[in-house]
Amino acid sequence: MNTIKKIYQYAEPNLSSVGWMGFIGFPVYYYIWTYLFPQPYESLWLRATGAILCLGLALRSFVPIKIKKYLPYYYYFTMGFCLPFFFSYMMIMNSYNNVWVMSFTASICLHILLIHETKSLIMQTTISIAIAYFTADYMIGNELKYFIDWMYVPIFLFVYFFGNVFYFRNQVSHETKVSIAKSFGAGIAHEMRNPLSAIKSSLEIIQSVFNESHPSQSVPAYTIEQHNVQMVNDMICDMHNIVDSANETINLLLTSIDQNRIPTSTFKMYSVDEITRHAIHSFSYKNPVDRLAVTVTTNNDFRFLGSDILLKYAFYNLLKNAFYYQNNENFRIDISIRSQKKCNQITVRDNGSGIDPQHLQDIFKDFYTHGKHGGYGLGLPFCRRIMEAVGGKIECSSVLGEWTEFTLSFPKEFSPEMKKLKEELIHSKSLLYIGNESAVCHRLKKQAQQMGFSIETVTLPEAIERNEYEFEFDMVMIDLDQIDQRWDYLTVLESLLHFSEARLHYLYNSKNHYPINIERYLSVYPLEVSQIIQDSTVTLYQLFFELDEKIEADKNVIPLRRERVEKYILIVDDNHSVRNLTAMLLEKQGYHVLQASNGQEALGTIETHTVDLILMDIEMPVLDGIETTSTIRSSQKPYRHIPILGHTGDSNTPTLKRIQDSGMNDYIIKPADTENLLGKLANWI
């Protein structure tokens, strides 16, 4: 089933063309082979069936959402009927004449292109031809002149075999190039995170020094004028923003490696005004004066369902293009945000060189560039895909030598288009309910059936038997009233949820009190049971799509645990700057810090020192973090139980899987801010 879905996903961009060609081609060739060049046998009902099946592919975008999940199987059946079955059947019925032998050979080539997976192709071909033979035998019986003409079989096998071999080689070559590109992008991201981590750690130290008071000293060791202090603090804030912007760039690099597919799993509701102003503030201007050329006018702010990072990327691309083509000293960019009657819009207008009308229709095509050095022609096409993914569109109008205006249109928040987008996206959402059967559980199951998201229910004892990677859901709900007083199990469960990126909700009743002690740095959002029972549809849509950071744990119901300090931490990292700066941060918090530059040194340190926690880099010379962790865990010495946190700049799934498999307890992505770093440490010490 997964293979069929993969085949459909691969063919999907061309399915409209395939569908319309089949819908038109089947009746057209019926006329050709019946009246222009008559053949011994023609079947109107077979051709009509093939045409109708192809029409279904051409009109697949109009299929109801609940049925769309079956389209891969419909496509697989249609290709089997329209290609190997139809052409082999017609060839047999027409006694292997030249027209149908050539037609069947041509259908083999098309079949290889549309069903690119070899095993599925062979299985589908074998079954389809077998059915064709039996059908022909039933229809004609003894009157069938040639049931199998063995003279043509070697030719057909040759086409199938070598067509698959050459196509497979091209596919492997393509996938290898894609893999290299992804590895290259991931490598760049990893290498960028180390210096960024050092910069961020330096900033934290500088800021802590300036904010530090010395009440025991009657005379300060040094004095700085107030305006200089303010200036340094402003610089620190700007540097923080630069680091955050660089991290966003890394995330965008990893996201846009495959520009044909926009990831929609993390779509949330965002304020356009807020994202616009953040994008303008964080954009990398070549000249500080350029920032003054950009103005924002918000007539009516609105919200959109999408990705903040992707929309900011669209802004970055439009700003970069506008500044590149500026042609006068009074250059300016005016951004306007307004809510129209039928849609919401952002317009980005500049008074630059403009675009020639003959080039205007091509600017959203892949790899199209005009008069721009160093560009690849992928920015504007990717912007178009971003807007299409959020249910909107991007248009451009321009007057050469005067101005250019891009209009980004979004569906209104409560419009049918927005409702349709949410209905499509929610089919990809997943929820894990942990607890016994209850009214809440039944309500969630009913809503899953009606709304289309997937749900899995497990009891608390079943949940703690899972591995960390088995909690990869969009949302995890733990019903505190349905865990049978097994509060110690809840503590075990919390330790398993650190690797999950799911939004974690504790369902509670405001009339009850729970003897729990949630791990302080585990992000938990409380949810009153009555919200699920009384208004479950609205609540679930909000939980899946609203980015509400204002929800906080009720400290009276979910008490927080204090940090533990004065412990020994071993930092293992081959980057001297990162190691020293991290050590300074931890020592200021009261921790005792030991250092090692590789895994071999780390093993020697834990042999001679008592260590409460190890902060382990992944890629190091001599002995890397994965090998070192495996060695520690496989030893029979007391230190085999030391909590080990991976410290890495690579957040790709294979790397995180290696971290888990090695025996590490948790991980921290570089560069980590102070709160996140200390939170993780406090959680495990």
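Residues numbered from 1 in each chain as written. Predicted model: local features only at pLDDT ≥ 70, side-chain atom pairs only at ≥ 80, totals over all residues. Heavy atoms only, no water.

What counts is decided by this rule: UniProt positions are given in the numbering used here, feature names are shortened, and annotations may be inferred rather than shown by experiment.
Identification of the protein as histidine kinase from Vibrio mangrovi is taken from an unreviewed UniProt entry. Checking UniProt for the protein, the heading Catalytic activity (unreviewed entry) contains the comment "ATP + protein L-histidine = ADP + protein N-phospho-L-histidine."

**Some points on the sheet that holds strand β4 (residues 333-339)**
Quick note on the threshold: Paired strands, in this sense, are two strands between which DSSP finds at least two bridges. Helix numbers and strand numbers start at the N terminus; a helix is a DSSP run of H or I with at least 4 residues, a strand a run of E with at least 2. For helices, the axis comes from a line fit to the C-alpha atoms of the stretch in contact; other axes are also lines fit to C-alpha atoms, and the angle between any two N-to-C directions lies between 0 and 180 degrees. Pairs of residues are marked as contacts when any of their non-hydrogen atoms sit within 4.5 Å.
Across the sheet, which stays open at both edges, the 5 strands sit in the order β2-β4-β5-β7-β6 with mixed pairing between neighbours. The two strands at the open ends of the sheet, each matched to only one other strand, are β2 (294-298) and β6 (393-399). Sheet twist, expressed as the mean angle between neighbouring strand axes with direction ignored, is 15°. Here helix α10 (residues 272-282) sits on the sheet and contacts β2, β4 and β5 (344-350); the angle it forms with β2, its principal contact strand, is near 175°.

**A closer look at the pattern of salt bridges**
To be explicit about the condition: For salt bridges, the criterion is a side-chain nitrogen of Lys or Arg within 4 Å of an Asp or Glu carboxyl oxygen. For the exposure calls, accessible area comes from a 1.4 Å probe over protein chains only, and a residue counts as buried if that area is under 20% of its type's maximum, exposed if over 50%, partly exposed in between.
Scanning the model with the defined rule gives 16 salt bridges in all. Across the pair R60 and E12 runs a salt bridge, and its minimum N-O distance is 3.0 Å. Taken together, the residues span a long stretch of sequence, with R60 in the loop between α3 (44-58) and α4 (65-68) and E12 in the loop between α1 (2-11) and α2 (15-36) at a distance of 48 residues. Overall, the relative accessible area of 9% leaves R60 in the buried class. Judged by relative accessible area, which is 30%, E12 ranks as partly exposed. Here the salt bridges do not stand alone but share partners, grouping D573, D617 and K670 into one network.

**Overview of the nonpolar core**
Heads up, the condition is: Working definition of a nonpolar core: buried Ala, Val, Leu, Ile, Met, Phe, Trp, Tyr and Cys residues. They are joined through side-chain atoms within 4.5 Å.
Formed by 68 residues in total, the largest nonpolar core has its most connected members in I333, I346, F406, L408, F410, L431 and M477. Top contributing element to this core by residue count: helix α11 (residues 308-324), with 10 residues. Every residue in contact with L408, bar those within four places of it in the chain, is listed here: L311, L318, N344, Q345, I346, M387, K393 and I394. Counting 47 residues, the second largest nonpolar core, distinct from the first, contains I32, F85, L121 and A132.

**Here we look at the pairing of strand β10 (residues 475-479)**
Burial analysis of β10 places 5 of its 5 residues in the buried class, which makes it a mostly covered element. Taking every second residue as pointing to the same face, both faces of β10 are buried, with M475, M477 and D479 on one and V476 and I478 on the other. Pairing geometry for strand β8 (residues 430-434) and β10, over 4 bridges, is parallel. Pairing of Y433 across the sheet is with M477, part of β10. Summarising the sheet, β10 and strand β11 (residues 503-508) pair through 5 bridges and their orientation is parallel. Among the inter-strand pairings, D479 is bridged to a residue of β11, identified as L507.

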